[in-house]
Amino acid sequence: MFRHVVLFTWTEESTEEQRARVATELAKLPEAITEIRSYTLGPDAGVNPGNHQFAVVADFDSADDFLVYRDHPLHQAAIAKHIKPIVASRAAAQFEV
């Protein structure tokens, strides 16, 4: 299995509505991209200060399946329209599970 983890911090100017829209748009992807095996996302629980504010964990059968997701037009549209306008920082890693 191949896992993708991405963490976001939002700009101070971002609104609650914009942040919620990111979750809504990303949650649509598993139905549209059959290569996704597991997809979990959500805002940070706020337990530790200094954390990123939002996380996505996605599992795939292979790195090739991850690449299908990475490059999928719906995923790229969600990034361009909803994430990039409000992202202050991003961290990501992919690894074999």
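In the block above lies the structure referred to throughout.
In this report, the structure presented in the accompanying data block is examined.

Considerations on the sheet that holds strand S1 (residues 2-10)
Okay, step 1: Strands sit in the order S2-S3-S1-S4 across an open sheet of four strands; the sheet is antiparallel. What marks the edges here is a single partner per strand, and that holds for strand S2 (36-43) and strand S4 (87-96). Taken over all neighbouring pairs, the strand axes of this sheet differ in orientation by 10° on average, direction set aside.
Okay, step 2: With seven bridges connecting them, S1 and strand S3 (residues 54-60) associate as antiparallel partners. When the bridges of S3 are listed, Val6 appears paired with Val56.

Some remarks on the environment of Thr9
Okay, step 1: Take Thr9: it is sitting in strand S1.
Okay, step 2: The sequence separation of Thr9 and Gly42 amounts to 33 residues, and the corresponding C-alpha distance is 12 Å.
Okay, step 3: Beyond its immediate sequence surroundings of up to four residues, Thr9 is in contact with His52, Gln53, Ile86, Val87, Ala88 and Ser89.

Some remarks on the pattern of salt bridges
Okay, step 1: As enumerated under the stated definition, the model contains six salt bridges in all.
Okay, step 2: Where Arg19 meets Glu16, a salt bridge forms, and the shortest distance between an N and an O atom there is 2.8 Å. Of this pair, Arg19 and Glu16 both sit in helix H1 (residues 16-27), three residues apart, which is roughly one turn of the helix.
Okay, step 3: Arg19 sits in the partly exposed class, given a relative accessible area of 22%.
Okay, step 4: Taking the relative accessible area as the measure of exposure, Glu16 reaches 57% and is therefore exposed.

Structural notes on the nonpolar core
Okay, step 1: Within the largest apolar cluster, 20 residues are counted, with the highest numbers of intra-cluster contacts made by Leu26, Tyr39, Val56 and Tyr69.
Okay, step 2: Listed by contribution, the elements that provide at least two residues to this core are S1, H1, S2, S3, helix H3 (63-71) and helix H4 (73-83).
Okay, step 3: With near-sequence residues (within four places) excluded, Tyr69 lies in contact with His4, Leu29, Ile33, Ile36, Tyr39, Val56, Phe60 and His75.

Observations regarding the packing of H1 against H4
In a packed pair of helices, the relevant descriptors are the angle between the two axes and the axis-to-axis distance.
Okay, step 1: Packing of H1 against H4 leaves a shortest axis separation of 10 Å and a crossing angle of 175°. Put simply, H1 runs roughly antiparallel to H4. In this structure, H1 uses Arg21, Val22, Glu25 and Leu26 to contact H4, whose residues at the interface are His75, Ala78, His82 and Ile83.
Okay, step 2: Looking at the contact of H1 with H4, its residues break down into four nonpolar, two polar and two charged.

Criteria and thresholds
- Residues numbered from 1 in each chain as written.
- Predicted model: local features only at pLDDT ≥ 70, side-chain atom pairs only at ≥ 80, totals over all residues.
- Heavy atoms only, no water.
- Pairing = 2+ DSSP bridges.
- Helix = DSSP H or I, 4+ residues; strand = E, 2+ residues; numbered from the N terminus.
- Axes fitted to C-alpha atoms, helices over the stretch in contact; angles between N-to-C directions.
- Contact = heavy atoms within 4.5 Å.
- Salt bridge = Lys/Arg side-chain N within 4 Å of Asp/Glu carboxyl O.
- Buried < 20%, exposed > 50% of the residue type's maximum accessible area, 1.4 Å probe, protein only.
- Core = buried A, V, L, I, M, F, W, Y, C linked by side-chain atoms within 4.5 Å.
- Parallel < 35°, antiparallel > 145°, perpendicular 65-115°, else oblique.
- Nonpolar A, V, L, I, M, F, W, Y, C, P; charged D, E, K, R; others polar.

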